[in-house]
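For reference, the chains in residue letters:
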Amino acid sequence: MQLTVENLHVSYGQIKALHGLGFSIVQGEIVCIIGANGAGKSTTLRAISRLVDAEKGSHMVFEGKDLLKFQPDKVVSELGISHVPEGRRLFGNLTVMENLQLATFARRDRALIKENLETVFEIFPRLLERESQLSATLSGGEQQMLAVGRAYMTGRKMMLLDEPSMGLAPLMMLSMFDALKEINRAGTTILLVEQNARLALKFAQRGYVIENGRIVLEGESRALLENPDVKKAYLGG
Amino acid sequence: MAFFLQNVINALQWGSFYALIALGYSMVYSILMLFNFTHGDIFMTGTYIGFGVATALVALATALSWSMPGWLLLVLTIIIAMFLTSILGVVVERVGYRPLREAPRASAAITGLMIGIMLEYGNLAILGTQRYNFPSIIETVTYDVGGVFFTNKKILIVGVALLLMIALHQFIHKTRWGMAMRAMSYDFQVVPLMGVSLNVIAPMTFAIGSALAAAGGILYGMAYPVLDPFMGILLGWKSFVAAILGGRGSILGAALAGFLLGFIEIFTAMVFPSTFRDLIAYSIILLILTFRPYGFFGQAHSAQLRL
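Rules used in this analysis
- Residues numbered from 1 in each chain as written.
- Chains lettered and ligands numbered in written order.
- Predicted model: local features only at pLDDT ≥ 70, side-chain atom pairs only at ≥ 80, totals over all residues.
- Heavy atoms only, no water.
- Helix = DSSP H or I, 4+ residues; strand = E, 2+ residues; numbered from the N terminus.
- Buried < 20%, exposed > 50% of the residue type's maximum accessible area, 1.4 Å probe, protein only.
- Contact = heavy atoms within 4.5 Å.
- Areas by Shrake-Rupley, 256 points an atom, 1.4 Å probe, with all protein chains shown as cover.
- Lys, Arg positive; Asp, Glu negative; His and termini not counted.
- Charge placed at Lys NZ, Arg CZ, Asp CG, Glu CD.
- Rg over C-alpha atoms; globule rule 2.2 N^0.38 Å.
- Pairing = 2+ DSSP bridges.
- Axes fitted to C-alpha atoms, helices over the stretch in contact; angles between N-to-C directions.
- Core = buried A, V, L, I, M, F, W, Y, C linked by side-chain atoms within 4.5 Å.
- Patch = residues over 30% accessible without salt bridge, like charges linked within 9 Å, V, L, I, M, F, W, Y side chains within 5 Å.
- Salt bridge = Lys/Arg side-chain N within 4 Å of Asp/Glu carboxyl O.
- Phe/Tyr/Trp six-rings, centres within 6.5 Å; stacked < 30°, edge-to-face > 60°.
- Lys NZ or Arg CZ within 6 Å of the ring centre and 35° of its normal.
- Parallel < 35°, antiparallel > 145°, perpendicular 65-115°, else oblique.
- Nonpolar A, V, L, I, M, F, W, Y, C, P; charged D, E, K, R; others polar.
- Right-handed = clockwise from strand over helix to strand, strands pointing away.

1. Considering the overall build of chain A
The secondary structure content of chain A amounts to ten helices and ten strands. Projected onto its principal axes, the C-alpha coordinates of chain A cover approximately 45 × 40 × 30 Å. Split into buried and exposed, the 237 residues of chain A put 56% on the buried side. For chain A, restricting intrachain contacts to residue pairs at least 6 apart in sequence, the fraction spanning at least 24 positions comes to 68%. Just so you have it, chain A exposes about 10,400 Å², and 50% of that area is on carbon and sulfur atoms. Across chain A, the 28 positively charged side chains and the 27 negatively charged ones have centroids separated by 2 Å.

If you want it as structure tokens, here you go:
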């Protein structure tokens, strides 16, 4: 297992968001977590990135290391887990190139950085065209490209994606998922959370269904797509 | 006309002090959404550190019976005092603000005020009530250009201030740390996801702001040599107003507003009796802020975040 999450509990003040959630991912997989708004999808990713604190008793291991011992920036720079946050959260006051450069802040492997940058521009040629533009001036689709490209530049063992399809036109959505497949083929494990369950399950090999902060169902994507409960609740009957 | 030009030079001099201090407020605000209310007293402490360094250097030169040139004394004093004061800034961040990063902003503000009071009275406790005089680092030369009188010190003060501002600008726009600071000013919650540690960038920002305040203090000491543990209060508050006027978190705005403040003050004093100066000057600024509540370069979104 590359990532094992067990008994994950997270609260925001008095409100409990995750109730002992657990799942695991093998290196190289594409896994999705689907669920309704507020079910705890984003919180799960934020807990892995250490942006929110997990409560006592929670257990998260990445490549044999206790994830809970790492600061958020070290999860990225030392463990190689990148996170594309909900709403992209680009640095709108920086150019496209600067956004990509900032993502390499903690890296010293210059040659590899250059190679990774070329890969990003290969996957998303539009970013190369807009290299010196402020990222705030990009279209929604381009912003998503940059958010993924930026995450790719930080570390490439595992990429966490929070609603990558949000706000994208259908065609753009498909090409975004093609790009993610390409990134995955190059060796990056992908964990994405999505409200668009059909899209997510078609893209991922395995899926988990989250309800009220708990995993209620898991399985191969194909099986989940056929599951009557999933069909009823998430695929519109 | 000569009188006018002379006042322009005075305004530039005061603007230099305000701008150098305002930059520290603005930098810290821009990355942490935090008003560092210790900053005026960091300026004061920096001035005293500058005083100590200059005095020590003069004593050292005397002991070696070497007449150190004034420019070298000034450069060494500024560099060493900036460095030492930056350490103070780092300590204030580490001890005072970091534990409160997730706390309500009011807690941080109150803590900042208290650390400031501790610096003022710590100074008083250690150095006593005796007033110290900043050593005359450079001999004053007065020029008369067509009836406009000005000293070499005034030119030097404005020159050094501008030089430091240009250096800061270069740092922020040309280095990776500067880039991280700019990113943090836009969205500091996402910055760790770039592998950037807030615990590196935050102390660095405090260090730079404090160093600039120390430089401002030394320049101030050159012009007004009598030191006072409470000298940072009024200058600190005025520079804080400059930072707000420039637009919270805007570096360029803080620098420009610092100079504008100098101009408004000096030119108010030209027209009105000196006891009216600050009353009228700050009424004008209040009026400006009524029409531009976010200052010159502030953005509505940055003013709303977490405050």
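Picking up after the structure, the text goes on.
2. Focus on the overall build of chain B
Per the secondary structure count, chain B includes eleven helices and two strands. Reading the helices (α) and strands (β) of chain B from amino to carboxyl end gives α-α-α-α-β-β-α-α-α-α-α-α-α. For 307 residues, the compact-globule formula gives about 19 Å, and the C-alpha radius of gyration of chain B, at 19 Å, lands near that figure. With respect to the principal axes defined by its C-alpha atoms, chain B has extents near 55 × 50 × 40 Å. Looking at chain B as a whole, 57% of its 307 residues qualify as buried. Within chain B, contacts between residues at least 6 apart in sequence are counted, and of these 77% link residues at least 24 apart. When the accessible surface of chain B is totalled, it reaches about 13,300 Å², and 73% of it is carbon and sulfur. With 15 positive and 10 negative side-chain charges, chain B shows a spacing of 9 Å between the two charge centroids.

3. Quick look at the sheet that holds strand 3 (residues 30–35) of chain A
Residue and element names in this part refer to chain A. Read across the open sheet, the six strands follow the order 6-7-8-3-9-10; overall the sheet is mixed. Bordering the open sheet on either side are strand 6 (81–84) and strand 10 (214–220), each of which pairs with just one other strand. When strand polarity is set aside, the average angle formed by the axes of neighbouring strands in this sheet is 15°. As judged from the five bridges shared by strand 3 and strand 8 (residues 189–194), these two strands associate in the parallel manner.

4. Section: the nonpolar core
With 150 residues, the main nonpolar core has Leu 102, Phe 124, Val 148, Met 159 and Leu 180 of chain A as its most contacted residues. Residue contributions to this core peak at 16 residues, all from helix 1 (residues 2–32) of chain B. Not counting residues within four places of it along the chain, the set of residues in contact with Met 159 of chain A comprises Ser 82, Val 84, Val 148, Ala 151, Tyr 152, Leu 180, Ile 183, Thr 188, Thr 189, Ile 190 and Leu 191 of chain A. Counting residues in each nonpolar core, the second largest holds 28 residues, with Leu 18, Val 75, Ile 81 and Leu 160 of chain A among its members.

5. Here we look at a nonpolar patch on the surface
Together, Trp 71, Val 75, Leu 76, Ile 79, Ile 80, Phe 83, Leu 84, Ile 87, Val 91 and Val 95 of chain B give the surface a local cluster of nonpolar side chains, amounting to about 910 Å² of exposed area. Looking at the element boundaries, Val 75 of chain B is found in helix 3 (residues 70–97).

6. Digging into the packing of aromatic side chains
In this structure the tally under the stated criterion is 22 aromatic pairs over all chains. Ring centres 5.4 Å apart and planes at 80° place the aromatic pair Trp 14 of chain B and Phe 17 of chain B in the edge-to-face group. In this pair, Trp 14 of chain B and Phe 17 of chain B are both assigned in helix 1, three residues apart and thus about one turn of the helix distant. Measuring from centroid to centroid gives 5.6 Å for Tyr 143 of chain B and Phe 150 of chain B, while their planes differ by 45°, and the two rings are tilted. The class of Tyr 143 of chain B is partly exposed, set by a relative accessible area of 38%. Taken together, Trp 14, Phe 17, Tyr 18, Phe 43, Tyr 220 and Tyr 224 of chain B form an aromatic cluster joined through their ring pairs. Taking the ring centre of Phe 105 of chain A as reference, the NZ or CZ of Arg 176 of chain B above it sits at 4.4 Å. In this structure, Arg 176 of chain B is placed above the aromatic ring of Trp 177 of chain B, and the distance from its NZ or CZ to the ring centre is 5.1 Å.

7. A short note on the environment of Tyr 152 of chain A
Along the chain, Tyr 152 of chain A turns up in helix 6 (residues 140–154). A sequence separation of 62 residues divides Tyr 152 of chain A from Arg 214 of chain A, and the C-alpha atoms of the two residues are 29 Å apart.

8. Focus on the packing of helix 2 (residues 39–63) of chain B against helix 4 (residues 105–127) of chain B
Residue and element names in this part refer to chain B. One can describe the packing of helix 2 onto helix 4 by two numbers: an axis separation of 8 Å at closest approach and a directional angle of 30°. As far as their axial angle goes, helix 4 and helix 2 are roughly parallel. Touching Asp 41, Ile 42, Met 44, Thr 45 and Tyr 48 of helix 2 are Gly 116, Ile 117, Leu 119, Glu 120, Asn 123 and Leu 127, all from helix 4. Here the residues of the contact of helix 2 with helix 4 are counted per class, giving six nonpolar, three polar and two charged.

9. Structural notes on the pairing of strand 7 (residues 158–162) of chain A
A regular strand places its side chains so that they alternate between the two faces of the sheet. Residue and element names in this part refer to chain A. Most of strand 7 sits inside the fold, with five of its five residues counted as buried. What you see with strand 7 is no split at all: Met 158, Leu 160 and Asp 162 on one side and Met 159 and Leu 161 on the other are buried throughout. In the sheet, strand 6 pairs with strand 7 via four bridges, with the strands oriented parallel. In the strand pairing of strand 7, Ser 82 is matched with Met 159. Sheet topology places strand 7 next to strand 8; five bridges connect them, and they run parallel. Across the sheet, residue Met 159 finds its bridge partner in strand 8, namely Ile 190. Each parallel crossover has a hand, and for strand 7 linked through helix 7 (residues 170–185) to strand 8 it is right-handed.

10. What to know about the environment of Lys 65 of chain A
Residue and element names in this part refer to chain A. Note on placement: Lys 65 falls in strand 5 (residues 65–66). For the pair Lys 65 and Leu 79, spaced 14 residues apart in sequence, the C-alpha separation works out to 8.7 Å. Apart from the residues within four sequence positions on either side, Lys 65 is in contact with Met 60, Phe 70 and Leu 79.

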